[in-house]
Amino acid sequence: MQLFYNSAINESSTSFVFDKEESKHIIKVLRKKDGDILFVTNGLGYLFKTAITLASDSKCSVSILSFEKMSTSLHPLHLVVAPTKMNDRYEWFLEKATEIGVQEITPIICDRSERKVINKERFEKIILTAMKQCNQCYLPKLNDPIALKDFLKQKQEGNLFLAHCEETDKKSLKSVLEKHTKTTILIGPEGDFTEKEIQLALANDYVPVTLGNTRLRTETAAVVACHSVVFFNE
């Protein structure tokens, strides 16, 4: 199944028109024609079965034949990850975490962060493309970048974990995970969290965890954490 995306449709919609870029892809590249079936999601869990009513490469129109609501995750995962110095590494993380099954991502700015500005529009496009490629109907939420100290002021529900590299008492992530529970995991920049940041997170009820015996890059640690949570809950 090839999946398309349109954020404007909902369960009361009967038809809609793709934008020019998507229309051109459907008609010129995929060579779809009138009557062909397309599957579309709005990123909110709905899967729509549609039929092309106007095969135009500038405004491809479809009618909605049926729809279903996919079940939500019983273990929502929020990854709070510092942007990497090289953008392509963070983009790789966004793509893989979306494929694996993350629900929310927040870029955090830390004391040792070498990158403090992100291209949110580009990141959102990467997440959207990954969602469509792996046939998911829920679009992960990408939040605006926020300083770690400000993020820690926000109340987060469920299990709260802090992954860092300092040689302190830490538990393995798999040993503290709980099934069907919302999980938030903090992962720092290339230089790791500072001692002050670690203490601040601990003071806000974050549990220090390890992701294994090797030292991982920021983006690798984020993907390992994502897979661990999803695999644990299968």
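Only a predicted model underlies this, so the values are computations on that prediction, with no experimental measurement involved. (Residues numbered from 1 in each chain as written. Predicted model: local features only at pLDDT ≥ 70, side-chain atom pairs only at ≥ 80, totals over all residues. Heavy atoms only, no water.)

> Can you walk me through the overall build of the protein chain in this structure?
Regarding its fold elements, the protein chain presents 7 helices and 13 strands. Its C-alpha atoms put the protein chain at 65 × 35 × 30 Å along the principal axes. Within the protein chain, buried positions represent 46% of all 234 residues. Of all intrachain contacts in the protein chain linking residues separated by at least 6 positions in sequence, the fraction that spans at least 24 positions is 72%. Total accessible area on the protein chain is roughly 12,300 Å²; 49% of this is exposed by carbon and sulfur atoms. (Helix = DSSP H or I, 4+ residues; strand = E, 2+ residues; numbered from the N terminus. Buried < 20%, exposed > 50% of the residue type's maximum accessible area, 1.4 Å probe, protein only. Contact = heavy atoms within 4.5 Å. Areas by Shrake-Rupley, 256 points an atom, 1.4 Å probe, with all protein chains shown as cover.)

> Looking at this structure, how should I read the nonpolar core?
Considering soluble globular proteins, one finds that nonpolar side chains tend to be buried as a cluster. The biggest cluster of nonpolar side chains holds 28 residues, and the ones touching the most others in it are Leu79, Phe93, Leu94, Ile105, Ile185 and Ile187. Going through the elements one at a time, β6 (77–81), α2 (87–100), α3 (120–133), β10 (159–163), α5 (173–176), β12 (183–187) and α7 (218–233) are the ones with two or more residues in this core. The biggest single contributor to this core is α7, with 6 residues. Dropping the residues within four chain positions of it, isoleucine 187 is found in contact with Val80, Val81, Ala82, Ile108, Ala163, Phe193, Thr218, Ala221, Ala222 and Ala225. Formed by 15 residues, the second largest nonpolar core is a distinct cluster that contains Ala82, Leu160, Leu162 and Tyr206. (Core = buried A, V, L, I, M, F, W, Y, C linked by side-chain atoms within 4.5 Å.)

> What am I meant to see in the pattern of salt bridges here?
For side chains of opposite charge, pairing can occur when their charged atoms come near one another. Under the criterion given, the structure shown has 12 salt bridges. For lysine 125, the salt bridge identified is with glutamate 121, shortest N-O distance 3.9 Å. Remark: glutamate 121 and lysine 125 occur in helix α3; sequence separation between them is 4 residues, near one turn of the helix. Accessibility expressed as a relative area gives 53% for lysine 125, which makes it exposed. You can call glutamate 121 exposed: its relative accessible area is 53%. Through salt bridges that share partners, Glu95, Lys96 and Glu99 make up one connected network. (Salt bridge = Lys/Arg side-chain N within 4 Å of Asp/Glu carboxyl O.)

> I'm lost on unusual backbone geometry in this one. Help?
Across the chain, the bulk of peptide bonds are trans and the bulk of non-glycine residues have phi less than zero. Here arginine 31, not a glycine, exhibits a phi torsion of approximately 55 degrees, which is positive. Along the chain, arginine 31 falls in the loop between α1 (20–29) and β3 (37–41). In this structure arginine 31 comes out as exposed when scored by relative accessible area, which is 67%. Positive phi, close to 70 degrees, is recorded for aspartate 192, a residue that is not glycine. Looking at where aspartate 192 falls in the secondary structure, it is placed in the loop between β12 and α6 (195–203). By relative accessible area, which is 5% here, aspartate 192 ends up buried.

> Is there a simple way to explain the pairing of strand β4 (residues 46–54) in this structure?
On a regular strand, one side chain projects to one face of the sheet and the next to the other, so that they alternate. Summarising the sheet, β3 and β4 pair through 5 bridges and their orientation is antiparallel. Its bridge partner being in β4, threonine 41 is matched across the sheet by leucine 47. Linking two consecutive strands that pair antiparallel, namely β3 and β4, is a turn of 4 residues; a positive phi of about 80 degrees is found at glycine 43 within it. Between β4 and strand β5 (residues 61–69), which pair antiparallel in sequence order, lie 6 residues. (Pairing = 2+ DSSP bridges.)

> Before we go on, may I ask you to explain α2 in this structure?
With 14 residues, α2 extends 20 Å between its outermost C-alpha atoms, agreeing within 8% with the 20 Å of an ideal straight helix rising 1.5 Å per residue. Within the span of α2, buried status applies to Tyr90, Glu91, Phe93, Leu94, Ala97 and Thr98. Across the axial projection of α2, the buried residues extend over an arc of 155 degrees, all falling on one side. Against β6, β7 (104–109), α3 and α7 lie the buried residues of α2. (Expected span 1.5 Å × (residues − 1). Arc of directions from axis to C-beta.)

> Could you clarify how one ought to interpret the sheet that holds strand β2 (residues 15–17) in this entry?
Strand pairing in a sheet is mediated by backbone hydrogen bonds. Such pairs are either parallel or antiparallel. Strand order in the open sheet formed by 5 strands is β1-β3-β4-β5-β2, with mixed pairing between adjacent strands. Unpaired on one side and paired on the other, β1 (3–5) and β2 mark the two borders of the sheet. Between one strand axis and the next, the sheet turns through 40 degrees on average, direction left out of account. For β1 and β3, the ladder comprises 3 bridges, and the chain directions are parallel. Looking at the pairing, tyrosine 5 lines up with threonine 41 of β3. In the packing of α1 onto the sheet, the strands contacted are β1, β3 and β4, and the crossing angle to β1 comes to about 160 degrees. α3 contacts β1 and β3 of the sheet and is inclined by roughly 145 degrees relative to β1. (Axes fitted to C-alpha atoms, helices over the stretch in contact; angles between N-to-C directions.)

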